[in-house]
Protein chains: 2
Amino acid sequence: MDNSPPQHTNRQYEEDLRGLRSGLLKMGGVVERQIADAIESLVERNTGRARETIERDAEVNRMDTEMDERCIRLLALHQPAASDLRFITTGLKITTDLERIGDNAVNICERAIELNEEPQLKPYIDIPRMAEIAQSMVKDSLDALMREDPALAREVIERDDEVDQLNYQIYRELLSYMAEDPQTIPRATRILFVSKYLERIADHATNIAEMIVYMVKGSTIRHMEKKKP
Amino acid sequence: MDNSPPQHTNRQYEEDLRGLRSGLLKMGGVVERQIADAIESLVERNTGRARETIERDAEVNRMDTEMDERCIRLLALHQPAASDLRFITTGLKITTDLERIGDNAVNICERAIELNEEPQLKPYIDIPRMAEIAQSMVKDSLDALMREDPALAREVIERDDEVDQLNYQIYRELLSYMAEDPQTIPRATRILFVSKYLERIADHATNIAEMIVYMVKGSTIRHMEKKKP
């Protein structure tokens, strides 16, 4: 009883859908780099790098709008069927997460600029470790989307615990710094915020992963048919 | 040249769309209450209230999934035209923000439970003020959506500065508490986190408002026509 339009022979549609996929991957790549650069500007005390990274956020915002427009255009011009519809609506939702990850990278840079103006409190060990995990979570959540791979998505969700643990560990350590020497309080709270931003980045990756599990499961729409007027 | 299907005579479609509108408003109402209850549990040192609020988050999560399903069903079963399409895709995006606001209310409750176990550091004055503004931003962003009112949405966006200012003020005040008496550090950092959660709630409301401005403007899709197979 499938009397839906022959979408898969529609060249424009295929092209738009491919454009959405590659655009999301590209946006994910830029966002991953923003995380790496933000942490580098902190660890290497490179304020110039921090400022460049903040400026590059405009590109993330532009891509966010562009991806949303692509999704809406696909919905408006074509009548995507169940599995494509799930992909497009998931795309529409995860651009927000990617854009917010970019915002958190900017927040890290802002704290890095402030921290770079004062003597270094301590060598950064857990923060880069946390950033590395968060970055891998962003990468793998996008891969899970492209491959429609719920197992990989679930793995991303599990990795979030590790980030939460590191965040708590950093919190305890900074508390003891502050208690021992109140002079460290302004710097310690800034590092505390950096840790929180990374935790939030991991949360966004987790949210993307959860949406992919939901998308692949997609029982509510899998059995739906387009109603003809 | 409008040869789109006669959607507005389709009773099921109208009913689904109405269901989405009232569902989003209801979800917004629950989320507003979660913010109010979270702050009450902190200010009145009511741990029982905090626990109830944490439990009620399951309702927010359920509504989030339900609203998403409603949006996808509307897209799958009908071919919504430009203005409805914009509304539905905006709905799909803002459920994520509403759900995250609920998560932040839970985070406030968690910190409240911890803070309630220790002597009160100071009377809460700026935190309830901040919560009140954040709550009004959530309410007005939803109203702006329902009325498709970009002026109200812009007002919400402006109010975010006030929240950021209060957040900074609280940060400075807590820094001085910590510096004067290191014993206050664990409590002060927890209050600092509460302030951050409220700031994030206001950010989510701002994001909702920005999407409404974009939705109403919607130049990219306003001039689109459905392509016929």
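Conventions and cut-offs
Residues numbered from 1 in each chain as written. Chains lettered and ligands numbered in written order. Predicted model: local features only at pLDDT ≥ 70, side-chain atom pairs only at ≥ 80, totals over all residues. Helix = DSSP H or I, 4+ residues; strand = E, 2+ residues; numbered from the N terminus. Buried ≥ 20, exposed ≤ 12 C-beta atoms within 10 Å, placed from the backbone. Contact = placed C-beta atoms within 7 Å. Axes fitted to C-alpha atoms, helices over the stretch in contact; angles between N-to-C directions. Parallel < 35°, antiparallel > 145°, perpendicular 65-115°, else oblique. Nonpolar A, V, L, I, M, F, W, Y, C, P; charged D, E, K, R; others polar. Core = buried A, V, L, I, M, F, W, Y, C linked by C-beta atoms within 7 Å. pLDDT = per-residue confidence, 0-100. Expected span 1.5 Å × (residues − 1).

## Here's the deal with the overall build of chain A
What chain A contains, in helices and strands, is seven helices and zero strands. Along the three orthogonal principal directions, the C-alpha set of chain A runs to about 75 × 30 × 25 Å. A buried classification covers 44% of the 229 residues belonging to chain A. Long-range pairs, those at least 24 residues apart, make up 84% of the contacts in chain A between residues at least 6 apart in sequence.

## Considering the environment of Arg200(A)
By secondary structure assignment, the location of Arg200(A) is in helix 6 (residues 185-217). Through-space distance from the C-alpha of Arg200(A) to that of Asn104(A) is 7.6 Å; in sequence the pair is 96 residues apart.

## Details of the packing of helix 1 (residues 11-43) of chain B against helix 4 (residues 126-147) of chain B
All names here are of chain B. Where helix 1 meets helix 4, the closest approach of the two axes is 10 Å, and the angle between their N-to-C directions is 180 degrees. Here helix 4 runs roughly antiparallel to helix 1, going by the angle between their axes. Across the interface between the two elements, Arg 21, Leu 24, Leu 25, Gly 28, Val 31, Glu 32, Ile 35, Ala 36, Ile 39 and Val 43 from helix 1 touch Ile 127, Pro 128, Ala 131, Ala 134, Gln 135, Val 138, Lys 139, Leu 142 and Met 146 from helix 4.

## Quick look at the packing of helix 2 (residues 47-77) of chain B against helix 3 (residues 82-116) of chain B
All names here are of chain B. Across the interface, helix 2 lies against helix 3 with an axial gap of 9 Å and an inter-helix angle of 170 degrees. Between helix 2 and helix 3, the crossing angle belongs to the class labelled roughly antiparallel. Considering only residue class, the contact of helix 2 with helix 3 consists of 15 nonpolar, seven polar and four charged.

## Here we look at the nonpolar core
Core analysis: the biggest nonpolar cluster contains 131 residues, and Ala134(A) and Ala134(B) have the highest contact counts within it. Broken down by element, this core gets its largest block of residues, 17 residues, from helix 6 (residues 185-217) of chain B. Those residues in contact with Ala134(A), other than ones at most four positions away along the chain, are Ile35(A), Val163(A), Leu198(A), Ile201(A), Ala202(A) and Ala205(A).

## A word on unusual backbone geometry
Unusually for a residue other than glycine, Glu148(A) sits at a positive phi of about 50 degrees. Its location among the elements puts Glu148(A) in the loop between helix 4 (126-147) and helix 5 (150-180). We classify Glu148(A) as partly exposed; it has 16 C-beta atoms within 10 Å. Backbone geometry at Arg45(B) places phi at a positive 50 degrees, although glycine is not the residue there. Residue position: Arg45(B) is located in the loop between helix 1 and helix 2. A residue is classified by how many C-beta atoms lie within 10 Å of it, and Arg45(B), with 16 of them, is partly exposed.

## Describing the confidence of the model for chain A
All names here are of chain A. Residues at a pLDDT of 70 or more form 91% of chain A, whose mean pLDDT is 90. Residue range residues 219-229 is modelled with pLDDT below 50. Its contacts to residues more than four positions away, or to other chains, number 21 contacts. The ipTM value of the predicted complex is 0.86, and its pTM value is 0.89.

## What about helix 6 of chain A?
For helix 6 of chain A, which comprises 33 residues, the first-to-last C-alpha distance of 47 Å matches the rise-based estimate of 48 Å (1.5 Å per residue) to within 8%. Buried residues dominate helix 6 of chain A, accounting for 26 of its 33 residues.

## Observations regarding helix 4 of chain A
An α-helical turn contains 3.6 residues, so any two residues separated by three or four positions project in the same direction. Residues and elements named next belong to chain A. If you check helix 4, its first and last C-alpha atoms are 31 Å apart, about what 22 residues at 1.5 Å a residue would give, namely 32 Å. For helix 4, the full list of buried residues reads Ile 127, Met 130, Ala 131, Ala 134, Gln 135, Met 137, Val 138, Ser 141, Leu 142, Ala 144 and Leu 145. Backbone geometry just after helix 4 places Glu 148 at a positive phi near 50 degrees.

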